[in-house]
Amino acid sequence: MPTSPSRLLLLLPTTTYRTEAFVDAASKLGVDLVCASERPSSLQALVPESLVTLDFKDPGASAETIARFARRRPIDAVVAVDDLTTVVAAAISERLGLKANSLPAAAAARDKLTMRRSLASAGVPVPRFRLVELADDPAEHAEAVEYPCVLKPLTLSASRGVIRANDAREFVAAFRRISAILEQGDAAPVGEARRALLVEEFVPGREVALEGLLVGGTLHVLALFDKPDPLDGPFFEETIYVTPSRLPGPLQDRIAAVARDACSALGLTEGPIHAELRINDRGPFVLEVAARSIGGLCARTLRFGTGLSLEELILCHALGRPLESLERERRAAGVMMIPIPRGGRLVGVRGAEEAAAVDAIEEVAITMHPGQEVVPLPEGWQYLGFIFARAETSAAVEGALREAHARLHFEIE
Ligand code: ADP
């Protein structure tokens, strides 16, 4: 008897860059997709069996809606795309009895304070931290903290609202700026995250990002990315990611071991993780472990086995299908998240063809469109676009990304 195709629920925030990549992966794998988003799509009435609206801020209600849906159309797996949906994914999986991260684990990874507490109590190296209430007088805290420090909201992502302060005056300014960001409609968090922020010791050193897949509690490292541009603040705009890492092998092993400890401290057991760590002469420090894969369009840098995309791997794993290979291709690869030089209205972009013509450059994807408001950090969260490169060595990839970027000109009014 022929078996029916597996059905997978994809949780896609409207702000995601990754719809196309996941939809492509599902169609390659012959998976029947149900897509859920937080805003109703105009197509929903036409295909009610494939599109669902959920309130991602209410995991309980979302789980209930999907449980009702699944009575008619059973769901075999749930995949969270981006930070906004990891907790909902865990709640739905729990309700449907699917193998996935537990709800407390997903919630711990989503909240910077809970994450710090869980990691610190398990002995995983993290920056010293303290919680500061937004209702407090910042000037009092400014006298009590050590400098330099980093102030950050509890639940935002993409470095939004993350600010370094070198002295009391900068502390007070950063505190006020983050308070204002948390008042913005799209950034307004719920619960404690609305009332407080985190203040951490600034950890100097170089930064790496580790992309991994947890299978039955075992962390498989899919790629370790170096971030060759210094991230010293006051804001922390991501730019270049290059893999394989050029760090010495034993240090890479140490980074993987610390990331493993962090996942077990948080209780994460299944699916993709994206971890950010800083390394200095005291060893690796965990800045963050998110229960999702790499953001933006950056996953385009990764190919596995015979050419599988990261999204295909994630869907296969979620459906319990055999994983052909977790081995990344041999060549070096990298991406530049194109930094925003200043705020304003994007008028136009010149030089994209010239940038794409640089040796080793595979693609220049400008994701903002003319007329769009461009907002730099710490208030913004989008990128102007992405540049992708592949070459024999990581150094060649980095060089190509820098050269391509130098050929791009953004006219911002
Ligand atoms: P988000 O989840 O918004 O990306 P993170 O807490 O990961 O927020 O911080 C974003 C970036 O800010 C990090 O990748 C790092 O470059 C910098 N950063 C955050 N906290 C610290 C810290 N304690 N010391 C040094 N740099 C930090």
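All of the points below concern the structure found in this document. Quantities reported herein were computed from a predicted structural model and do not represent experimental measurements. (Residues numbered from 1 in each chain as written. Predicted model: local features only at pLDDT ≥ 70, side-chain atom pairs only at ≥ 80, totals over all residues. Heavy atoms only, no water.)

## Re a negative patch on the surface
Move 1: On the surface, a cluster of negative charge is contributed by Glu133, Asp136, Asp137, Glu140 and Glu192.
Move 2: Among the structural elements, Glu133 can be located in strand 5 (residues 129–133). (Patch = residues over 30% accessible without salt bridge, like charges linked within 9 Å, V, L, I, M, F, W, Y side chains within 5 Å. Areas by Shrake-Rupley, 256 points an atom, 1.4 Å probe, with all protein chains shown as cover. Salt bridge = Lys/Arg side-chain N within 4 Å of Asp/Glu carboxyl O. Lys, Arg positive; Asp, Glu negative; His and termini not counted. Charge placed at Lys NZ, Arg CZ, Asp CG, Glu CD. Helix = DSSP H or I, 4+ residues; strand = E, 2+ residues; numbered from the N terminus.)

## With respect to the packing of aromatic side chains
Move 1: Counted under the stated rule, the structure contains 4 aromatic pairs.
Move 2: An angle of 90 degrees between the planes, with centres 5.4 Å apart, marks the rings of Tyr17 and Phe386 as edge-to-face. Residue Tyr17 is located in the loop between strand 1 (7–11) and helix 1 (19–29), and its partner Phe386 is located in strand 20 (residues 385–391); the two are separated by 369 residues in the primary sequence.
Move 3: Taking relative accessible area as the criterion, Tyr17 reaches 22% and is therefore assigned partly exposed.
Move 4: Exposure remark for Phe386: the relative accessible area of 0% places this residue in the buried category.
Move 5: On the basis of an interplanar angle of 70 degrees and a centroid distance of 5.5 Å, the ring pair of Tyr383 and Phe386 is categorised as edge-to-face. Residues Tyr383 and Phe386 agree in their burial class; the two are buried. (Phe/Tyr/Trp six-rings, centres within 6.5 Å; stacked < 30°, edge-to-face > 60°. Buried < 20%, exposed > 50% of the residue type's maximum accessible area, 1.4 Å probe, protein only.)

## With respect to the site of the ligand
Move 1: In the region of the ligand, 20 residues are neighbours, and Lys152, Ser159, Val203, Glu207 and Glu288 sit closest.
Move 2: With respect to the ligand, the side chain of Lys152 contributes an N or O atom lying 2.6 Å from an oxygen atom.
Move 3: Ala158 is positioned with one of its backbone polar atoms (N or O) 3.3 Å from an oxygen atom of the ligand.
Move 4: Residue assignment for the shell around the ligand shows that the elements contributing at least two residues are strand 6 (149–153), strand 8 (196–201) and strand 13 (283–290). (Near = heavy atom within 4 Å. Polar contact = N/O pair within 3.5 Å; in protein donor to acceptor, adjacent residues only side chain to side chain.)

## Some words on the pairing of strand 8
Consecutive residues of a regular strand have side chains that alternate between opposite faces of the sheet.
Move 1: The element strand 8 is largely enclosed, with a buried count of 6 among its 6 residues.
Move 2: Sheet analysis places strand 5 next to strand 8, joined by 5 bridges and oriented antiparallel. Looking across to strand 8, one finds that Arg130 is bridged to Val199.
Move 3: Pairing analysis gives 5 bridges linking strand 6 to strand 8, with the strands arranged antiparallel. Residue pairing in the sheet places Val150 in a bridge with Glu200 of strand 8. (Pairing = 2+ DSSP bridges.)

Everything listed here is a matter of geometry and, on its own, says nothing about what the molecule does.
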